[in-house]
Amino acid sequence: IELDLHFKQGYVNLKKKNTWTRRWLVVNKGLLFLYKDWKDMEPLKCANLLLCTVKQISSDRPNTLTVISPDLSILVQASDAEDLIEWITVVEAGIGWQLTKKKTESAKQEQMTSTQEKFTYLRELRENP
């Protein structure tokens, strides 16, 4: 099965204080969502991966990674070594996706000439994040 670099979901163990808890993690097009379980509609946490770092770390458990952003800092244990590499790869791809999106939006903004075009653009961003 080929890895989709823009989407991954699955159960992970999340360290909160000194306790590990099973949580549903979703990375989709440069956004990270953390849910209590796969059935929940509202995420417990959400983060844009634009200013994020991800790396494998040594922990009291194997296959552990950390994701740090201005909105969120989490310590996650993947199910196995292959799952760990996939999570890191997808988060890194999400960072790249957000950087590319930001660059495209900046170029689009520079091309706008009238104030009305800029207001319309900003309204579209607000309504369709």
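Numbers given to residues run from 1 along each chain, matching the order in which its sequence is written. Owing to the predicted nature of the model, reporting of local features is limited to residues with pLDDT of at least 70; listing and counting of side-chain atom pairs is limited to 80 or more, with chain, interface and lining totals taken over all residues. Heavy atoms throughout the structure, all of them, feed into the side-chain values; hydrogens and water do not.

A.B. asks: What is the right way to look at the pairing of strand E3 (residues 31-35) in this model?
C.D. replies: In summary, the side chains of a regular strand alternate between the two faces of the sheet. Only protein chains enter the accessibility calculation, which uses a 1.4 Å probe; a residue is then buried when its area is under 20% of its type maximum, exposed when over 50%, and partly exposed in between. Put simply, DSSP H or I for four residues or longer makes a helix, DSSP E for two residues or longer makes a strand, and each gets a number counted from the N terminus. E3 sits mainly inside the fold: four of its five residues count as buried. Two strands pair if DSSP finds at least two bridges between them. Pairing analysis gives five bridges linking strand E2 (residues 19-28) to E3, with the strands arranged antiparallel. Bridge pairing links Val-27 to Leu-32 in E3. Between E2 and E3, which pair antiparallel in sequence order, lie two residues; one of them, Lys-29, sits at a positive phi of approximately 45°. Judged from the four bridges that link them, E3 and strand E4 (residues 45-48) form a sheet pairing that is antiparallel. Looking at E4, one finds that Phe-33 is bridged to Cys-46.

A.B. asks: Where do I start with the pattern of salt bridges in this structure?
C.D. replies: Between side chains of opposite charge, a pair can form as their charged atoms come close. Salt bridges are identified by distance alone: a Lys or Arg side-chain nitrogen within 4 Å of an Asp or Glu carboxyl oxygen. Taken as a whole, this structure holds three salt bridges when the rule is applied. Note that Lys-8 and Glu-86 form a salt bridge whose closest N and O atoms lie 3.0 Å from each other. With a gap of 78 residues between them, Lys-8 in strand E1 (residues 7-16) and Glu-86 in helix H1 (residues 81-111) connect regions that are remote in the sequence. Since its relative accessible area comes to 10%, Lys-8 is described here as buried. Residue Glu-86 is classed as partly exposed on the basis of its relative accessible area of 22%. Within the structure, one salt-bridge network assembled from shared partners comprises Lys-8, Asp-83 and Glu-86.

A.B. asks: Please explain the side chain of Thr-66 as it appears in this structure.
C.D. replies: Relative to the assigned elements, Thr-66 resides in strand E6 (residues 64-68). We classify Thr-66 as buried; its relative accessible area is 10%. Two N or O atoms form a polar contact when they lie within 3.5 Å of each other; inside protein one atom must be a possible hydrogen donor and the other a possible acceptor, and for residues adjacent in sequence the pair counts only when both atoms belong to side chains. In this structure the side chain of Thr-66 is engaged in a polar contact, spanning 3.1 Å, whose partner is the backbone oxygen of Ile-74. Ignoring any residue separated from it by four or fewer positions in sequence, one finds Thr-66 in contact with Thr-53, Val-54, Lys-55, Ile-57, Ile-74 and Leu-75. Whether two residues are in contact is decided by their heavy atoms, any of which lying within 4.5 Å being enough.

A.B. asks: Please clarify how the nonpolar core should be interpreted in this entry.
C.D. replies: Side chains of nonpolar character tend, in soluble globular proteins, to be buried together. If you look at the biggest cluster of nonpolar residues, it comprises 22 residues, and the most contacted ones within it are Leu-32, Leu-65 and Ile-74. Among the elements of the structure, E1, E2, E3, E6, strand E7 (73-77) and H1 are those that each provide at least two residues to this core. Among the elements that make up this core, the one with the highest residue count is H1 (six residues). In this structure, Leu-32 is in contact with Leu-25, Val-26, Val-27, Lys-45, Cys-46, Ala-47, Leu-49, Val-67, Leu-72 and Ile-74, ignoring residues within four places of it in sequence. Residues grouped as a nonpolar core are buried Ala, Val, Leu, Ile, Met, Phe, Trp, Tyr and Cys residues, joined through side-chain atoms within 4.5 Å.

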